[in-house]
Amino acid sequence: MAEEEQMIEPFLPQLVREIDGNRIISAGCSSYGYDMRLADDGFRIFSSVHGKEIDPKRFDEQMSLIEPQVHTADDGAKYYLLPPHHYGLGVTVETFKMPRNVTGVALGKSTYARAGLLVNTTPLEAGWTGRLVVEIANLANLPLRVYINEGIGQILFFESDEDCGVSYEDRGGKYQGQTGLTFA
């Protein structure tokens, strides 16, 4: 269905666990979902260096967010270091186009969860289109590697036998059509 409806671009039709002979955190189509990847653009970490509070109604990205350095592992994999007890925002490689009869729920991967990373549960409502903003938190007491262009979370899809009455697109949702990091 993902291919027929062009729901995911770019689409990996099978689960990938290795690229160029190097092991990655899985990405692509799984049993009943899709392992989405963290893109190399737009990752930001919340910091108290310049700001004193976060107001979701009047979000000031200049005061609250910093762009972390990109690191390279021995095998050539690129990653960000998310400091202990910090929160970050990233965006998926994939663009999603949800049909009017499908809703998705994005959640974390056990590989990251077992290392202390929490990926916020996020809905992909029927009719929504865009690159998904991924909200992540390092619950561990050590810096945690967050790999670029590798699986960051999984989306589970739920199909209805009828179209929704009012879709996210119909409502003119705030995050409709986002192509990069979009703030609160």
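Before any of the text, the structure's been laid out above.
Residues numbered from 1 in each chain as written. Predicted model: local features only at pLDDT ≥ 70, side-chain atom pairs only at ≥ 80, totals over all residues. Heavy atoms only, no water.

**Structural notes on the overall build of the protein**
Scanning the protein from N- to C-terminus turns up three helices and 15 strands. Computed over C-alpha atoms, the radius of gyration of the protein comes to 17 Å, within 12% of the 16 Å expected from 2.2 N^0.38 for 184 residues, which places it in the range of a compact globule. Over its C-alpha atoms, taken along the principal directions, the protein stretches across nearly 50 × 45 × 25 Å. Summarising the internal contacts of the protein: among those between residues at least 6 apart in sequence, 71% fall at separations of at least 24. Counting only carbon and sulfur atoms, one obtains 48% of the accessible surface of the protein, whose full area is about 10300 Å². Distance between charge centroids for the protein: 7 Å, based on 16 positive and 26 negative side chains. (Helix = DSSP H or I, 4+ residues; strand = E, 2+ residues; numbered from the N terminus. Rg over C-alpha atoms; globule rule 2.2 N^0.38 Å. Contact = heavy atoms within 4.5 Å. Areas by Shrake-Rupley, 256 points an atom, 1.4 Å probe, with all protein chains shown as cover. Lys, Arg positive; Asp, Glu negative; His and termini not counted. Charge placed at Lys NZ, Arg CZ, Asp CG, Glu CD.)

**Observations regarding the side chain of asparagine 138**
For asparagine 138, the position within the fold is in strand 13 (residues 129–138). Taking relative accessible area as the criterion, asparagine 138 reaches 1% and is therefore assigned buried. Side-chain polar atoms of asparagine 138 contact the backbone oxygen of leucine 82, separated by 2.9 Å. Among all residues touching asparagine 138, those that are not within four sequence positions of it are Leu82, Pro83, Pro84, His85, His86, Gly116, Leu117, Pro143 and Leu144. (Buried < 20%, exposed > 50% of the residue type's maximum accessible area, 1.4 Å probe, protein only. Polar contact = N/O pair within 3.5 Å; in protein donor to acceptor, adjacent residues only side chain to side chain.)

**Some words on unusual backbone geometry**
Each neighbour pair has its own omega, and for glutamate 9 with proline 10 the value is -10°, a cis peptide bond. Position of proline 10 among the secondary structure elements: in the loop between strand 1 (8–9) and strand 2 (16–19). Even without being a glycine, asparagine 149 presents a positive backbone phi close to 65°. Mapped onto the elements, asparagine 149 comes out in the loop between strand 14 (144–147) and strand 15 (151–159). For asparagine 149, a relative accessible area of 35% gives the class partly exposed.

**Overview of the sheet that holds strand 14**
Taken in spatial order, the three strands make up an open sheet running 7-8-14, and their pairing is antiparallel. The two strands at the open ends of the sheet, each matched to only one other strand, are strand 7 (71–72) and strand 14. Relative to strand 8 (residues 78–82), strand 7 is paired through two bridges, and the arrangement is antiparallel. Bridging across to strand 8, histidine 71 finds its partner in tyrosine 79. (Pairing = 2+ DSSP bridges.)

**Focus on the packing of aromatic side chains**
Under the definition given, this model contains four aromatic pairs. Seen from their ring centres, tyrosine 79 and tyrosine 147 are 5.6 Å apart, and the 55° between their planes marks the pair as tilted. Of this pair, tyrosine 79 sits in strand 8 while tyrosine 147 sits in strand 14, placing them 68 residues apart in sequence. Taken as a pair, tyrosine 79 and tyrosine 147 share a single burial class, namely buried. (Phe/Tyr/Trp six-rings, centres within 6.5 Å; stacked < 30°, edge-to-face > 60°.)

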